[in-house]
Amino acid sequence: MAHMKMQTTQKGALYCADCDKCGTTMYSHEWASWDNNEIRDALRHGMAKCHDCFSGSADPETFRDCGKQYACRYSAPGYMDCTEWSFGRNLRELQKAVRSMYCDL
């Protein structure tokens, strides 16, 4: 992870819904998703497609407004390489959890 740098957003609106086929939770974050409004609406109305199983869609019954949260991941500056976003309400706890997840202690 030496070339990867931690990237953290400011607190923003987080929305999520579960896939109706595999149960994976899909997210849209105000600062981490470049098309947040479109993804949020797709999650709310069951139009978002699952990126894990590719056959499921967001279950509108599971749509949740998760409140304001930070988003954090590792990214390689100048490259497209990055980890999945993680979300949390407490910045220090979130950064600690992401470091631990990717063994960057």
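Calculation rules
Residues numbered from 1 in each chain as written. Predicted model: local features only at pLDDT ≥ 70, side-chain atom pairs only at ≥ 80, totals over all residues. Heavy atoms only, no water. Buried < 20%, exposed > 50% of the residue type's maximum accessible area, 1.4 Å probe, protein only. Helix = DSSP H or I, 4+ residues; strand = E, 2+ residues; numbered from the N terminus. Arc of directions from axis to C-beta. Disulfide = S-S within 2.5 Å. Salt bridge = Lys/Arg side-chain N within 4 Å of Asp/Glu carboxyl O.

Participant: Mind showing me how you'd approach helix H1 (residues 36-45) here?
Facilitator: Because the α-helix completes a turn every 3.6 residues, residues three or four places apart line up on one side. Of the positions making up H1, those classed as buried are Asn36, Arg40, Ala42 and Leu43. All buried residues of H1 fall inside an arc of 165° around its axis, so they share one side. Away from its buried face, by an angle of more than 90 degrees, H1 presents the exposed residues Glu38 and His45. Gly46 lies just past H1 and shows a positive phi near 75°.

Participant: Whenever I open this one, the state of the cysteines confuses me. Can you help?
Facilitator: What makes a disulfide is a covalent bond joining the sulfur atoms belonging to two cysteines. Inspection of the entire model under this criterion finds zero disulfides. Its sulfur unpaired, Cys72 is 12 Å from the next cysteine sulfur, which belongs to Cys82. Cys82 sits in the partly exposed class, given a relative accessible area of 37%.

Participant: So what exactly am I meant to see when it comes to the pattern of salt bridges here?
Facilitator: Here the idea is simple: oppositely charged side chains can pair when their charged atoms come close. Tallied over the entire structure, the rule returns three salt bridges. Note that Glu30 is salt-bridged to Lys68, the shortest N-O span being 3.6 Å. Residue Glu30 is found in the loop between strand S3 (25-29) and H1, and its partner Lys68 is found in strand S4 (residues 64-75); the two are separated by 38 residues along the sequence. Linking Arg44 and Asp41 is a salt bridge whose minimum nitrogen-to-oxygen distance equals 3.5 Å. One end of the pair, Arg44, and the other, Asp41, are both in helix H1, three residues apart, so they sit about a helical turn from each other. The exposure class of Asp41 is partly exposed, given its relative accessible area of 28%. Among the ionic contacts, a cluster of salt bridges with common partners joins Arg40, Asp41 and Arg44.

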